[in-house]
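# Overview (structure and organization)
So the chains spell out like this:
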Amino acid sequence: SEGGQHQHDFSSLFDVDAIDASQRELYVTILDTAYERAKSDAENWGEISRMTKGHLIYGELPATMKQVGITVDQRWFADKVDAFRDIKEKSVLADPGPKIDQSHAKSAFGLDYTGHADDGAFLNHLEKQRAIFLERKEKGTKPGEGGNAPFFAVIQSSGYGKSRLISQISACRDQQYDVIYWTFASKQAYPPKNVEISELQFNSLRREALEKALHREISVAVGNAQSGRQADSETIFIQLGTNTKPPPMQQRTDQKRIIFVVDEASELLGKFTSDGVSFYRALRTAFTKFETEASWLFFVVMSTFSSITYLSPELAMDPSFKPYSGYDDVNQNPLNPFILGSSFRVNNDRHAILTKTVEECHDPQCLYSMGRPLWKALLTGTTPMLPHKLLSYGRKKLRNSTDNDPKLTKKEEILAVLSVRLCLSISPTSWYVPSLVACHMGTALSISEDRMSMVVTYPSEPVLAVGAKMFMKNQENIGRMISALQDFLTHGAVDRGYKGELIVRLLMTLAMDKAMGSEEVKEVQLKDYLVQFDRDGADLGELINGLNNNGYKQFDVEEELKKLKRLNLDWPDSRAMLEEKLEEKKRNRASPPLMYADGRVCFTHFVYLSKSTQGELITHDLLRYAYRRSAAIVVEEGPRGIDKVIPLRVEEDKFVGLVVQDKNRVSDTLQSLTRADNPATHHKVNVEYFLTEGEKKTFRDADVDLKKHWPAMLFAIGVDEIGADVATQLEQKRSRHNSVGGTDRFDFPCIVLTGLDYFNLMSDEAADRLKKLRNFEFVPSLQKREDIPITYGS
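Residues numbered from 1 in each chain as written. Predicted model: local features only at pLDDT ≥ 70, side-chain atom pairs only at ≥ 80, totals over all residues. Heavy atoms only, no water.

## Side note on the overall build of the protein chain
Where we set the bar: Secondary structure elements follow DSSP: runs of H or I of four or more residues count as helices, runs of E of two or more count as strands, with numbering from the N terminus. When accessible area is computed with a 1.4 Å probe and restricted to protein chains, residues below 20% of their type maximum are described as buried, those above 50% as exposed, and intermediate ones as partly exposed. Any two residues having at least one pair of non-hydrogen atoms within 4.5 Å are treated as being in contact.
Helix and strand content of the protein chain: 31 helices and 18 strands. Relative to its 794 residues, the protein chain shows a buried fraction of 55%. Long-range contacts, defined here as pairs at least 24 residues apart, represent 76% of the contacts in the protein chain between residues at least 6 apart.

Okay, here's the thing in structure tokens:
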């Protein structure tokens, strides 16, 4: 308050201890102030959402206030819930995202349709939801509640072919369905807008009038479909203020059922009646007027840029679901959404891709086609988009922005870029999840029945990964990404258990970008890639040259003495010590040569290899396939002992892997990691250990000599010691099926890199932030640990 008597910031606004029973008026004033602030500035929604996520949205506020003796009018509270939710939708729609020329979209839409599993799955889902709805109706639900709206939402991000699927169903005359298709898209989009709501009376338009108008026009459209009549014009005008009653609904005699589709419904979220109700909510209410026709008429709502939690909302966020009303029956729940996903397979057939050469696959026309159907459709339509234009468009779609500004400022776009390139494990309950799918090209995999969580991923899409490279060339962006990553880990948006692995993925990605140089995807020799990890005091170029010089690292006593003199470390016995070290290296042949140093690597992003996948995993064909997609592989933790496999092309179509381990332990030292008895740098990076017999057979069948070791790296980022060396070799090695001390010898120089300070890859400031991220541990305050002794000990 202005007088300063009551200080409540947003973070503690709903803390029960901060409110006493005499402060109801202050409490309501604060809530109204928060609402007005959010309404006037959508950027503040982040603050408001954190406040409401825990209490207001989930209907806990009345109970909380009741605990402290405050009585809340339930209708007032319901209005506030709706108002907050509508503001959030406004903030999501503040930037509608990039648009493309209608000619490109129209030509892409007109391509021959390629069927997929979801063609039938969608209709099966429709009939299942119809059966559920009719069963609820038979049992008798409260009129007007969510369970009485005969509709469900189709969930998926842009480019998966939601509209195209509906168009195909409409075109199939042998189907037992007629399709009515409304779209509120812009005139520049395709399919273009075909429904207009009169704006003449917007200032005085009330919810009830809009609901009646929508009810009437839906009835007219259904009647036209039943009789086979065409509409008077291509565009449907919803007239407001008329008292014309809707025509009566009649049961169809031809047994055909009607699917009434409303596309691009997000356009209705940003418009409100004079009494503060979004047009979309009015549309949903209009759907409830057709509950008696549900046996042959059903509604489907789709949108490209809208928030998914609104179109198929979390139960507690749904205005038709009122936990405080006393109606907790499951019959009130909105119907389950449909997740469109199998269309991704259309342009990602593994066999078809493997029949092409690497050079053919790395051509932008082919490489950028791998992913959701949108990319290939735009590249191959009758008015095709050029690859560099598609790359720019994909970059804008990833950010949900219409400009080419390389700076990243919003958390959502940073999370999207990092997920595309580093394969982040995103929490299904994260506040960012709906926005990632709705606005930043995230792919929905599944959604919980209560809509409280959704599994989201970023599958391998080279056009997005290559487009995201531009953002990671900006040093300010790298610093922001590292700081944002720490925030994501802190708040649980990203799994904390993989912090060290994420740091190494970031370093390896930056090194690959630097080695490639341009935005173009091109192959790089392994030795040229490895030298990107050069640091002061840890020269990878010298190390690699030494590995390939007579089987042991070059070691010149005179040069080493000069280095010691420059550092004022030239002691009387230095020469004798250095000569003894040289003889020891010669005697032990410290490292065999680095195999495949002239092999080629090429990756723009990481993909995840799950151990739950059936059959053999790390096969020769997998490396061939990943390389053609410019992808590196993250191996799920388990008995393999390796964390990553970078496909390494050693001949025309013959592959091995650069295998990588990550360690984030403060106790490590370069000396301990390079010892001959350290398993991390010896048997664990041996193909005889981390490949199964079936996997090894796939390489032998491809005529790959498994007696030649695969190059290996170990990143020990948990220490401050800056170093680079090669693990000392044993005379006898352990294989996966032999005990220690077996008779086989497997030579493989594992390169060990300790510490961070990769100033060759990032600015000093970004490197400092990376250290802070490495050292970051989320530890609750001492007071909280004392308050919760059962968790942290008494």
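Next comes the rest of the write-up.
## As for the nonpolar core
Filter applied, for reference: What we call a nonpolar core is a set of buried Ala, Val, Leu, Ile, Met, Phe, Trp, Tyr and Cys residues that are connected through their side-chain atoms within 4.5 Å.
Grouped together as the largest cluster of nonpolar side chains are 144 residues, with contacts concentrated most on Met-508, Tyr-529, Phe-533, Trp-710 and Phe-715. It is helix α20 (residues 499-516) that provides the largest number of residues to this core, a total of 11 residues. Here Tyr-529 is in contact with Met-508, Ala-511, Met-512, Ala-515, Val-524, Val-601, Phe-603 and Leu-658, once residues within four sequence places are set aside. Counting residues in hydrophobic clusters, the runner-up holds 35 residues, among them Phe-184, Leu-205, Ala-221 and Leu-283.

## Here we look at the sheet that holds strand β5 (residues 257-263)
Selection criterion: Pairing between strands requires that DSSP locate at least two bridges from one strand to the other. To get an axis, a line is fitted to the C-alpha atoms, and for a helix only the part in contact is used. The angle between two axes follows their N-to-C directions and goes from 0 to 180 degrees.
As summarised here, the arrangement of the five strands in space is β2-β5-β6-β1-β7, forming an open sheet in which the pairing is parallel. Strands at the two margins of the open sheet, each flanked by one partner only, are β2 (177-183) and β7 (338-339). Bridge analysis of strand β1 (residues 151-155) against β7 gives two bridges, and the strand direction is parallel. Paired with Ile-155 across the bridge in β7 is Ile-339. Packed onto the sheet, helix α6 (residues 118-139) meets β1, β2, β5, β6 (297-301) and β7 and runs at close to 120° relative to β6.

## Looking at unusual backbone geometry
The backbone of Glu-264 shows a phi angle near 50°, a positive value even though the residue is not glycine. Tracing the backbone through its elements, the reader meets Glu-264 in the loop between β5 and α9 (279-287).

## What to know about the pairing of strand β16 (residues 712-716)
For β16, the tally of buried residues reaches five of five residues, placing the bulk of the element in the interior. Across the two faces of β16 the burial is the same, with Ala-712, Leu-714 and Ala-716 and Met-713 and Phe-715 all buried. For strand β15 (residues 654-663) and β16, the ladder comprises five bridges, and the chain directions are parallel. Among the inter-strand pairings, Val-659 is bridged to a residue of β16, identified as Ala-712.

## Here's the deal with helix α29 (residues 764-775)
So the rule is basically this: By this rule the span expected of a helix is its residue count minus one, scaled by 1.5 Å. This arc describes the spread of directions from the helix axis toward the C-beta atoms.
Taking 1.5 Å as the rise per residue, α29 with 12 residues should run 16 Å; its terminal C-alpha atoms sit 17 Å apart, in good agreement. Along α29, the residues classified as buried are Ala-766, Ala-767, Leu-770, Leu-773 and Arg-774. Seen along its axis, α29 keeps its buried residues to an arc of 115°; they face one direction. Relative to its buried face, α29 has exposed residues pointing more than 90 degrees away, namely Asp-764, Glu-765, Lys-772 and Asn-775. Turning to α29, the residues buried within the fold contact α19 (475-490) and α20.

## Re the confidence of the model for the protein chain
In plain terms, the rule: On a scale of 0 to 100, pLDDT captures the predictor's confidence in every residue.
Averaged over every residue, the pLDDT of the protein chain is 77; residues scoring 70 or more account for 69%. Of the regions scoring below 50 in pLDDT, residues 38-70 engages in 69 contacts with residues more than four places distant in sequence or in other chains.

## Some words on the packing of aromatic side chains
Condition: To pair, rings of Phe, Tyr and Trp, with the six-membered ring standing in for Trp, must have centres within 6.5 Å; the planes then decide the type, stacked if under 30 degrees apart, edge-to-face if over 60, and tilted in the middle.
For the structure on display, the rule yields 20 aromatic pairs. An angle of 70° between the planes, with centres 5.4 Å apart, marks the rings of Phe-109 and Tyr-190 as edge-to-face. Of this pair, Phe-109 sits in helix α5 (residues 102-109) while Tyr-190 sits in the loop between β2 and β3 (195-197), and the two are 81 residues apart along the sequence. According to the relative accessible area criterion, Phe-109 is buried, its value standing at 18%. With relative accessibility at 32%, the residue Tyr-190 sits in the partly exposed group. Look at Phe-122 and Phe-152: their rings are 6.1 Å apart centre to centre, the planes differ by 55°, and that puts the pair in the tilted class. Note that Phe-122 is positioned in helix α6 and Phe-152 in strand β1, a separation of 30 residues in sequence. Taken together through their ring pairs, the aromatic side chains of Phe-151, Trp-182, Phe-260, Phe-287, Phe-290 and Phe-299 make up a single cluster.

## Considering the side chain of Lys-499
This is how it is decided: Within 3.5 Å is the distance limit for a polar contact, defined as a pair of N or O atoms, with the added protein rule that one can donate a hydrogen and the other accept it, and that residues adjacent in sequence qualify only through two side-chain atoms.
On the secondary structure map, Lys-499 appears in helix α20. Judged by relative accessible area, Lys-499 falls into the buried class, the value being 7%. Only 2.5 Å separates the side chain of Lys-499 from the backbone oxygen of Phe-776, close enough to count as a polar contact. Those residues within four positions of Lys-499 in sequence are excluded, and the remaining contacts are Leu-489, Asn-664, Leu-773, Arg-774, Asn-775, Phe-776 and Glu-777.

## A few points about the pairing of β15
For β15, a buried count of 10 out of 10 residues is recorded, marking the element as mostly surrounded by other parts of the structure. Two elements, strand β14 (residues 644-651) and β15, share seven bridges in a ladder whose sense is antiparallel. Opposite Glu-651, over in β15, you have Lys-654 as the bridge partner. Remark: two residues form the turn of the hairpin made by β14 and β15, two consecutive strands paired antiparallel.

## Section: the environment of Ala-438
With respect to the helices, strands and loops of the structure, Ala-438 is situated in helix α17 (residues 433-439). Residue classification places Ala-438 among the buried positions, given a relative accessible area of 6%. On a C-alpha basis, the gap between Ala-438 and Ser-157 in space is 5.6 Å, while along the polypeptide they are 281 residues apart.

## A look at helix α28 (residues 693-701)
For α28, the set of buried residues is Glu-695, Lys-696 and Phe-699. Projected down its long axis, α28 shows its buried positions confined to an angular sector of 100°, all on one face. Where α28 is buried, its residues touch α25 (620-628), β15 and α27 (687-690). Just downstream of α28 lies Asp-703, where phi reads positive at about 65°.

## Brief notes about the packing of helix α16 (residues 411-422) against helix α18 (residues 462-469)
For the record, the criterion: Note on angle classes: values under 35 degrees are labelled roughly parallel, values over 145 roughly antiparallel, values of 65 to 115 roughly perpendicular, and the remainder oblique. What makes a crossing left-handed is the near helix being turned counterclockwise from the far one by less than a right angle; a clockwise turn instead makes it right-handed. Think of it as three bins: nonpolar holds Ala, Val, Leu, Ile, Met, Phe, Trp, Tyr, Cys and Pro, charged holds Asp, Glu, Lys and Arg, and polar takes everything else, Gly as well.
Relative to each other, α16 and α18 sit at 120°, their axes nearing to 9 Å. Taken together, the axes of α16 and α18 are oblique relative to one another. Taken as a pair, α16 and α18 cross one another with a handedness that is left-handed. For the pair α16 and α18, contact is made by Val-417, Val-420 and Arg-421 and by Leu-464, Ala-465, Ala-468 and Lys-469, respectively. Grouping the constituent residues of the contact of α16 with α18 by class yields five nonpolar, no polar and two charged.

## Some thoughts on the packing of α20 against α29
Packing of α20 against α29 brings their axes to within 9 Å, and their N-to-C directions diverge by 155°. If you check the angle between α20 and α29, you find them roughly antiparallel. Considering how the two elements wind past one another, α20 and α29 form a crossing that is left-handed. Residues Lys-499, Ile-503, Leu-506 and Leu-507 of α20 pack against Leu-770, Leu-773, Arg-774 and Asn-775 of α29.

## Regarding the pattern of salt bridges
Side-chain pairs of opposite charge can arise whenever the charged atoms involved come near each other. We count it as follows: Definition used for salt bridges: Asp or Glu carboxyl oxygen within 4 Å of a side-chain nitrogen of Lys or Arg.
Enumeration over the complete set of coordinates arrives at 32 salt bridges. With a closest N to O distance of 3.5 Å, Asp-178 and Lys-256 form a salt bridge. With Asp-178 in strand β2 and Lys-256 in the loop between β4 (236-238) and β5, this residue pair connects regions lying 78 residues apart in the sequence. Overall, Lys-256 belongs to the buried group, its relative accessible area being 18%.

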